[in-house]
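The primary structure of each chain is shown beneath.
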Amino acid sequence: MSTGMPIITFSKNVFIPVTNVCRNQCAYCGFWRAPDHPGASLLTEEEILPIFQNGVLNGCTEALFTFGEYPETHPFFQKQLNAMGFESIVDYVAHLSELAIDCGILPHTNGGALTRKDLEKLAPLNASMGLMLETTADVPAHKNCPGKDPKVRLDMINNAGILGIPMTTGILVGIGETKADRVDSLEQIAKFHHKYGHIQEVIVQNYSPKPGQNDGNRFGLCPPSKEEMVETICAARKILPADVAVQVAPNLIAPLDLIKYGVSDLGGISPVTKDYINPEAPWPKIEMLQTLLNENGYEFRERLPVYPHFVLKEKYGIRTKPLILKLVDENGYRKGD
Ligand SMILES: O=c1nc2n(C[C@H](O)[C@H](O)[C@H](O)CO)c3cc(O)ccc3cc-2c(=O)[nH]1
Ligand SMILES: C[C@H]1O[C@@H](n2cnc3c(N)ncnc32)[C@H](O)[C@@H]1O
Ligand code: SF4
């Protein structure tokens, strides 16, 4: 049913931090742990299954697999993975994706810059996938981060286009990039979409400082002001084709005022898990956002991790098809109860 009001979308998800071990060491990241750190983790199947089940019970449609990039670069981690019976983190996540689908929840994997071969493994099992471009600039915050080389990230977005994977990407604002860098990053994303039509949304994510990052200035980290975010959202809306949504995270920035500048999606919101990347920022209640948006003349509508126009074109991982068909309405949004 349509109310005629502009539609703002979101998805209901569970966050699965498969591992926080990573080959990169981004200066802005509070999630990353060294493999021998007491807080380093690799979740087991037994730990993850109840999260899927709790998600399904609470109406979630998205299992967001977010984890450190190629953690098996560390020999100790490789041994741990092998002991669990897997050769690589991608093989493990492929297995977890099958389990998620069996439980009734759709995988969306955001595990950093993956090779073409690894994308091919995950594509059939994922409703959509994600990789933040972050920035096309060479910034000090990405020192010692092979996977944050803009060429490597652009290459994955290109491969995802070739493979027809619906993609979430975006830029991280406040990591030492200039305004011109933001424009360049958005233009590169637009170029890929013109070629392949596979970008479903672009996140304009504001860097939000983590404890211990007070020395951020050394890396040029600087959380953007609201004005800078407005300016970046306007640039995104101008540069990106109309069928690409602009997303902000409603736990990192108040979304209402940003809608008039072009934000149309509030991303994955979880009623059951925290945002492990930004654990200091609790999710607003979905009912609260709904009321706020309705009072201001917007409809707040739930989507799946894959956007309606991709659902209607059947452009998503083939193994997710039966579940997607069960979860959607005739317009490609989440079916009501
Ligand atoms: O809870 C979060 N969800 C994040 N998500 C989840 C995202 O909002 C949803 O999964 C997508 O909108 C798909 O529904 C990301 C997904 C990506 O593909 C790439 C980056 C992010 C970043 C975050 C994030 O920082 N925190
Ligand atoms: C999954 C995505 O989370 C984002 N990310 C990582 N660290 C932070 C932070 N401190 N603040 C906001 N976003 C962050 C990056 O853009 C990454 O690609
Ligand atoms: S942002 Fe991602 S790639 Fe960078 S250190 Fe954190 S987990 Fe690794």
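Here the structure is a predicted model, which is why all the values come from computation and not from measurement.

Draft legend 1. How the structure looks around the overall build of the protein chain. Counting its regular elements, the protein chain contains ten helices and nine strands. For the protein chain, whose C-alpha radius of gyration is 19 Å, the value lies close to the compact-globule estimate of 20 Å for 337 residues. Along the three orthogonal principal directions, the C-alpha set of the protein chain runs to about 55 × 45 × 35 Å. Counting all 337 residues of the protein chain, 58% fall into the buried class.

Draft legend 2. Molecular detail of the site of ligand 1. Around ligand 1, 21 residues are found, and the nearest of them are Glu62, His108, Glu201, Gln205 and Arg303. Protein burial of ligand 1: of its 530 Å² of free accessible surface, 96% is covered by the chains. Among the secondary structure elements, those contributing two or more residues to the shell around ligand 1 are strand 1 (7–16), strand 2 (62–66), strand 3 (106–110), strand 6 (199–206) and strand 8 (263–269). It is strand 6 that contributes the most residues to the shell around ligand 1, three residues altogether. Across the shell around ligand 1, the residue classes break down as seven nonpolar, ten polar and four charged.

Draft legend 3. Region of interest: the UniProt feature "binding site: [4Fe-4S] cluster" (unreviewed entry) in the protein chain. The feature "binding site: [4Fe-4S] cluster" (unreviewed entry), as given by UniProt, occupies Cys22, Cys26 and Cys29 in the numbering adopted here. On the secondary structure map, Cys22 appears in the loop between strand 1 and helix 1 (45–57). In contact with Cys22, other than residues within four places in its own chain, are Trp32, Arg33, Gly68, Glu69, Pro71 and His74. Summarising the element assignment, Cys26 is placed in the loop between strand 1 and helix 1.

Draft legend 4. Structural context of the site of ligand 3. Surrounding ligand 3, one finds Cys22, Asn24, Cys26, Cys29, Phe31, Trp32 and Lys148. Of the residues contributing to the shell around ligand 3, the split by class is five nonpolar, one polar and one charged.

Draft legend 5. Spotlight on the pairing of strand 1. Judged by how many residues are buried, strand 1 sits mostly within the fold: nine of ten residues are covered. Where strand 1 lies against strand 9 (residues 299–302), four bridges are found, and the strand directions are parallel. Across the sheet, the residue bridging to Phe10 is Glu302, located in strand 9. Summarising the sheet, strand 1 and strand 8 pair through three bridges and their orientation is parallel. Across the sheet, residue Ser11 finds its bridge partner in strand 8, namely Gly268. Pairing geometry for strand 1 and strand 2, over four bridges, is parallel. Each residue of the ladder has a partner; that of Asn13, found in strand 2, is Glu62. Crossover strand 1 to strand 2 through helix 1 is right-handed.

Draft legend 6. Region of interest: the pattern of salt bridges. Across all of its chains, the model carries 18 salt bridges by this definition. For Glu280, the salt bridge is made with Lys210, and the minimal N-O distance between the two is 2.9 Å. Here Glu280 is found in the loop between strand 8 and helix 8 (286–295), whereas its partner Lys210 is found in the loop between strand 6 and helix 7 (226–239), with 70 residues between them in sequence. By relative accessible area, which is 43% here, Glu280 ends up partly exposed. Put simply, Arg23, Glu69, Glu134, Lys148 and Arg153 are held in one network by salt bridges that share partners.

Draft legend 7. The layout of surface pockets, seen in detail. Computed from the structure, the largest pocket encloses a volume of approximately 320 Å³. Considering the residues around the largest pocket, the lining is formed by 15 residues, among which Lys12, Pro271, Lys285, Ile286 and Glu287 are closest to the centre. Among the secondary structure elements, those contributing two or more residues to the lining of the largest pocket are strand 1, helix 8 and strand 9. A total of three residues in the lining of the largest pocket trace back to one element, the largest contributor, which is helix 8.

What counts and what doesn't
- Residues numbered from 1 in each chain as written.
- Chains lettered and ligands numbered in written order.
- Predicted model: local features only at pLDDT ≥ 70, side-chain atom pairs only at ≥ 80, totals over all residues.
- Heavy atoms only, no water.
- Helix = DSSP H or I, 4+ residues; strand = E, 2+ residues; numbered from the N terminus.
- Rg over C-alpha atoms; globule rule 2.2 N^0.38 Å.
- Buried < 20%, exposed > 50% of the residue type's maximum accessible area, 1.4 Å probe, protein only.
- Near = heavy atom within 4 Å.
- Areas by Shrake-Rupley, 256 points an atom, 1.4 Å probe, with all protein chains shown as cover.
- Nonpolar A, V, L, I, M, F, W, Y, C, P; charged D, E, K, R; others polar.
- UniProt positions renumbered as here; feature names shortened; annotations may be inferred.
- Contact = heavy atoms within 4.5 Å.
- Pairing = 2+ DSSP bridges.
- Right-handed = clockwise from strand over helix to strand, strands pointing away.
- Salt bridge = Lys/Arg side-chain N within 4 Å of Asp/Glu carboxyl O.
- 1 Å grid on protein atoms, 1.4 Å probe; cavity = no way out; pocket = protein on both sides within 12 Å on 5 of 7 lines; lining within 4 Å.
- Points joined across faces, edges and corners; volume = space filled by probe spheres on them.

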